[in-house]
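Summary of structural features
If you want the building blocks of each chain, they are given just below.
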Amino acid sequence: HGIAKAMNDENDYLANILGAKRKQILANSKTAAIKHYIDKSKRFVCFTGSIDQCNTLGGKNVIHSKKKNREETIEKFNTLKTDNLYAVNMLREVI
């Protein structure tokens, strides 16, 4: 019983790692297309698939776990000082 459970736990762990990596690869492969279609003259929030994609698309207007001053970035968006906001998971719970 113990060995089978350990193998299942290990398989679940590997499946989660591989699934996350697949999601990241797919998200990053869409970056060039997204850049082409985004109309920065309009106000919007863009949910991205990875921190790299968020940084590439959003420049200074990004929200993710490695970004400092996240509250300041959100405040700038809320007070109309910036017209776009790019986020990785950070806003899903808020919205």
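For the structure given in this document, a descriptive report is provided here.

About the thresholds
Throughout this description, residue numbers start from 1 for each chain and increase along the sequence as written. In view of the model being predicted, local features appear only for residues whose pLDDT reaches at least 70, and side-chain atom pairs are presented and counted only at 80 or more, with totals across whole chains, interfaces and linings using the full set of residues. To get the side-chain values, all heavy atoms of the structure are used, and hydrogens and water are removed first. In what follows, salt bridge is the name for a side-chain nitrogen of Lys or Arg lying within 4 Å of a carboxyl oxygen of Asp or Glu. Secondary structure elements are taken from DSSP: a helix is a run of H or I of four residues or more, a strand is a run of E of two residues or more, and numbering for both begins at the N terminus. Summary of the burial criterion: residues with accessible area below 20% of their type's maximum are buried, those above 50% are exposed, and those between are partly exposed, where the area comes from a 1.4 Å probe applied to protein chains only. Only residues whose relative accessible area exceeds 30% and that form no salt bridge enter a patch; like-charged residues are grouped when within 9 Å of one another, and nonpolar side chains (Val, Leu, Ile, Met, Phe, Trp, Tyr) when within 5 Å. To measure how exposed things are, a 1.4 Å probe is used in the Shrake-Rupley method; for residues, cover is taken only from the protein chains shown. Put simply, two rings from Phe, Tyr or Trp (the six-membered ring, in Trp's case) pair if the centres are within 6.5 Å, and we call them stacked under 30 degrees between planes, edge-to-face over 60, tilted for the rest. Only Lys NZ and Arg CZ are tested; either one counts as a charge over a ring when it is within 6 Å of the ring centre and within 35 degrees of the ring normal. Side-chain atoms within 4.5 Å are what join buried Ala, Val, Leu, Ile, Met, Phe, Trp, Tyr and Cys residues into a set we call a nonpolar core. Pairs of residues are marked as contacts when any of their non-hydrogen atoms sit within 4.5 Å. Strands were regarded as paired on the criterion that DSSP finds at least two bridges between them.

Quick look at the pattern of salt bridges now. Under the defined criterion, the tally for this structure stands at 2 salt bridges. Its salt-bridge partner being Arg 43, residue Asp 83 comes within 3.7 Å of it at the nearest N-O pair. You can see Asp 83 sitting in the loop between helix H4 (70-78) and strand S3 (84-87) and its partner Arg 43 sitting in the loop between helix H2 (31-37) and strand S1 (44-47), a full 40 residues away along the chain. You can call Arg 43 partly exposed: its relative accessible area is 38%. A salt bridge links Lys 76 to Glu 72, with the shortest nitrogen-to-oxygen separation between them at 3.6 Å. Separated by 4 residues within a single helix, Lys 76 and Glu 72 lie in helix H4, roughly one turn from each other. Of the residues examined, Lys 76 reaches a relative accessible area of 37% and is grouped as partly exposed. The class of Glu 72 is partly exposed, set by a relative accessible area of 44%.

Here we take up a nonpolar patch on the surface. A cluster of nonpolar side chains, contributed by Tyr 13, Leu 14 and Ile 17, occupies part of the molecular surface with about 300 Å² of accessible area. Structurally, the position occupied by Ile 17 is in helix H1 (residues 2-29).

This next bit is on the packing of aromatic side chains. For the structure shown, the criterion picks out 1 aromatic pair. Centroid distance Phe 44 to Tyr 86: 5.7 Å. Interplanar angle 90 degrees. Geometry classified as edge-to-face. With Phe 44 in strand S1 and Tyr 86 in strand S3, the pair connects residues that are 42 residues apart, well separated along the chain. With relative accessibility at 17%, the residue Phe 44 sits in the buried group. Looking at Arg 43, its charged tip hangs above the ring of Phe 77, at a distance of 3.9 Å from the centre.

Generally speaking, a soluble globular protein has its nonpolar side chains buried in company with each other. One finds Phe 44, Cys 46, Cys 54, Leu 57, Val 62, Tyr 86 and Val 88 forming the largest nonpolar core, which totals 7 residues. Listing elements by their share of this core, those giving two or more residues are S1 and helix H3 (51-58). Residues contacting Cys 54, with those up to four places away along its chain left out, are Thr 48, Gly 59, Val 62, Ile 63, His 64, Tyr 86, Ala 87 and Val 88.

As a further point, take the sheet that holds strand S2 (residues 62-63). Here 3 strands make up an open sheet; going across it, the order is S1-S3-S2 and the pairing parallel. For this open sheet the edge positions go to S1 and S2, each flanked by a neighbour on one side alone. Across 4 bridges, the pairing between S1 and S3 is parallel. Its bridge partner being in S3, Cys 46 is matched across the sheet by Tyr 86.

By themselves, these are just geometric observations and shouldn't be taken as functional.
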